[in-house]
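A look at the structure
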Amino acid sequence: MSRPSTPQRAAPPRTRSFLLRGEVHRPATLTVADLRNGWEQHRADVVFDCATNGPQHHRFEEPLLREVVTAAEPAFDARRRKDRSRFLLTVTGGDGHHTVLSWAEIDADFGDTPILLATLLDGGALDESGSQLVVPSDRCGARYISDISSVWVGACPPPGASAATG
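Residues numbered from 1 in each chain as written. Predicted model: local features only at pLDDT ≥ 70, side-chain atom pairs only at ≥ 80, totals over all residues. Heavy atoms only, no water.

We now examine the packing of aromatic side chains. Applying the stated criterion across every chain, the model contains four aromatic pairs. Taking 4.7 Å as the distance between ring centres and 40° as the angle between the ring planes, the aromatic pair formed by Phe48 and Tyr144 counts as tilted. Here Phe48, found in strand S3 (residues 42-50), pairs with Tyr144, found in the loop between strand S10 (132-134) and strand S11 (148-155); they are 96 residues apart in sequence, far enough to count as distant. Comparing Phe48 with Tyr144 shows no difference in burial state: the two are buried. Aromatic ring contacts, followed pair by pair, group Phe48, Phe60 and Tyr144 into a single cluster. (Phe/Tyr/Trp six-rings, centres within 6.5 Å; stacked < 30°, edge-to-face > 60°. Helix = DSSP H or I, 4+ residues; strand = E, 2+ residues; numbered from the N terminus. Buried < 20%, exposed > 50% of the residue type's maximum accessible area, 1.4 Å probe, protein only.)

Structure (structure tokens):
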């Protein structure tokens, strides 16, 4: 005698998150929903030249990386430009791809580059595939990081010193 089959429930959609860590006073684990609901959203229409597929046109919606990291309270003296300018950010994706940015690139007193943490790509939510680092000013997409798994913030060590881990 065979048993009646039990209906299979669809697995709930996977929610991706990333760690915001390093030399910050308030490390956090953030999801795409957190990014969408916690900060002002910006829209960026970007074109980057992909080496294999030619020009790529996309629309992203997201908060500024600077605003998200500032909320984690980086361990620098915000009143001192030279203290801020020695900080770096390393953004790592789920596939291990990573890139390094300087705080001065995103700081309003220096480069003021609007680097973003995408929550929507071409109108589609990124909750299941993970947030993306978007550098609209880049001509190629090499610093675009998909499925962000961590954002590390820390000071560049002075010459001759070893790098702090975190």
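Before going further, it helps to spend a moment on the pairing of S11. Burial runs high along S11: seven of the eight residues are buried. When strand S1 (residues 17-22) meets S11, the two strands line up parallel, connected through four bridges. Of the residues in S11, the one forming a bridge with Gly22 is Val153. Sheet analysis places strand S5 (residues 87-93) next to S11, joined by seven bridges and oriented antiparallel. The partner of Thr92 across the bridge, within S11, is Ser150. (Pairing = 2+ DSSP bridges.)

Turning our attention to the nonpolar core. Counting 36 residues, the largest nonpolar core has Leu20, Leu65, Leu89, Leu133 and Val151 as its most contacted members. At four residues, S11 tops the list of elements feeding residues into this core. Residues in contact with Leu89, not counting those within four places in the same chain, are Leu65, Val69, Thr99, Val100, Leu101, Ser102, Trp103, Ile106, Val151, Trp152 and Val153. (Core = buried A, V, L, I, M, F, W, Y, C linked by side-chain atoms within 4.5 Å. Contact = heavy atoms within 4.5 Å.)

A word on the sheet that holds strand S6 (residues 98-102). In a beta sheet, neighbouring strands are held together by backbone hydrogen bonds and run either parallel or antiparallel to one another. With mixed pairing, the five strands of this open sheet are ordered in space as S2-S1-S11-S5-S6. Either end of the sheet is taken by a strand with one partner, and the two such strands are strand S2 (28-31) and S6. On average, each strand axis in the sheet is inclined to that of its neighbour by 20°, with strand direction left out of account. Where S1 meets S2, four bridges bridge the pair, whose relative direction is antiparallel. For Leu19, the partnering residue across the bridge sits in S2 and is Thr29. (Axes fitted to C-alpha atoms, helices over the stretch in contact; angles between N-to-C directions.)

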